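Read off the chains here:
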Amino acid sequence: MKLQAHFLEESKEAFNDFRLRKGEFQNKSILAYKADETNTLEIDTILTNLYTFNELKEELQKTNEIRYICYFIHFEPPKIESSSNDDTNNNNIIGNNMIGNEKRSKMILISWNPLPSSKDKFLSSGTCVYLRNILPGIFLTIQATSVQDLDEERIIKECLKRVVN
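About the criteria used
- Residues numbered from 1 in each chain as written.
- Predicted model: local features only at pLDDT ≥ 70, side-chain atom pairs only at ≥ 80, totals over all residues.
- Heavy atoms only, no water.
- Helix = DSSP H or I, 4+ residues; strand = E, 2+ residues; numbered from the N terminus.
- Buried < 20%, exposed > 50% of the residue type's maximum accessible area, 1.4 Å probe, protein only.
- Contact = heavy atoms within 4.5 Å.
- Polar contact = N/O pair within 3.5 Å; in protein donor to acceptor, adjacent residues only side chain to side chain.
- Phe/Tyr/Trp six-rings, centres within 6.5 Å; stacked < 30°, edge-to-face > 60°.
- Lys NZ or Arg CZ within 6 Å of the ring centre and 35° of its normal.
- Salt bridge = Lys/Arg side-chain N within 4 Å of Asp/Glu carboxyl O.
- pLDDT = per-residue confidence, 0-100.

Asks: Describe the overall build of the protein chain, and please don't skip the residues or the numbers.
Replies: Of the regular secondary structure elements, the protein chain holds 5 helices and 8 strands. Along its sequence from the N terminus, the protein chain presents helices and strands in the succession β-α-β-β-α-α-β-β-β-β-α-β-α. A burial count over the protein chain gives 39% of its 165 residues as buried. Within the protein chain, contacts between residues separated by at least 24 positions form 66% of all contacts whose residues are at least 6 apart in sequence.

Asks: Which residues make up the environment of Thr-141, and what are the values?
Replies: When you line up the elements, Thr-141 lands in strand β8 (residues 138-144). Separated by 34 residues in sequence, Thr-141 and Met-107 place their C-alpha atoms 9.1 Å apart. Residue contacts for Thr-141: discarding those within four places in its chain leaves Leu-109, Cys-128 and Arg-132. Separated by 2.7 Å, the side chains of Thr-141 and Arg-132 make a polar contact.

Asks: Which residues make up the packing of aromatic side chains, and what values go with them?
Replies: One pass over the full model with this rule turns up 4 aromatic pairs. Both rings, one in Phe-18 and one in Phe-72, keep their centres 5.0 Å apart while their planes meet at 40°; by these two values the pair is tilted. Taken together, the residues span a long stretch of sequence, with Phe-18 in helix α1 (residues 9-20) and Phe-72 in strand β4 (residues 67-75) at a distance of 54 residues. On the basis of relative accessible area, Phe-18 is assigned to the buried category, the value being 0%. With a centroid separation of 4.9 Å and an interplanar angle of 40°, the aromatic rings of Phe-53 and Tyr-71 are classed as tilted. In this pair, Phe-53 is assigned in helix α3 (residues 53-62) and Tyr-71 in strand β4, connecting sequence segments 18 residues apart. For the pair formed by Phe-53 and Tyr-71, the shared burial category is buried. Of note, Arg-21 hangs over the ring of Phe-72, and the distance from its end group to the ring centre comes to 3.8 Å. Sitting above the plane of the Phe-139 ring, Lys-106 keeps its charged end 4.8 Å from the centroid.

Asks: I'd like to hear about unusual backbone geometry, residue by residue, with values.
Replies: Unusually for a residue other than glycine, Arg-21 sits at a positive phi of about 60°. Counting through the fold element by element, Arg-21 comes out in the loop between α1 and β2 (30-35). The phi angle at Asn-39 is positive, at roughly 65°, despite the residue not being glycine. Its location among the elements puts Asn-39 in the loop between β2 and β3 (40-43).

Asks: Residues and numbers for the pattern of salt bridges, please.
Replies: A complete count under the given rule lists 7 salt bridges for this structure. Lys-161 is paired through a salt bridge with Glu-158; the nearest N and O atoms lie 3.5 Å apart. On the criterion of helical spacing, the pair formed by Lys-161 and Glu-158 is a turn pair, its members being 3 residues apart in helix α5 (residues 152-164). With a relative accessible area of 48%, Lys-161 lands in the partly exposed category.

Asks: Before we move on, can you summarise the confidence of the model for the protein chain with the specific residues and values?
Replies: Residues at a pLDDT of 70 or more form 82% of the protein chain, whose mean pLDDT is 84. Counting contacts from residues 86-98, a segment whose pLDDT is below 50, to residues more than four positions away or on other chains yields 21 contacts.

Next up, the structure:
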């Protein structure tokens, strides 16, 4: 197995359409990749056609193969009560940062590796770094070896930390 990942041009184009919500990816929240025997990343159509995070977790439990998943996670910043009745104060302030009350959507990269061997962990980690470097707009990276690592509430908290800081 090659340790250097290779990304096909059509996979890059699919990612850009997904990121910009264009074409067949207009209403999708999930874009998944799998590596073939030469470590060329191609779209995993089964996972990409799922709609929810829970569906994704259920399918990942069934596979014993490495996957790389781009996922749009949606969340709302915490609400802070304003003591002012002034309509100009429509934003929350935490520290020196302003956070709007509107719902947020951020793209995260999930590196799914349920395999125990150190070679597989090395491959997965290296490929994740490679993807992070070539795919624009990744907000957060999650390394997952089991579905317990894919706790949506914990991921949202991590996103909120990064939005605030």
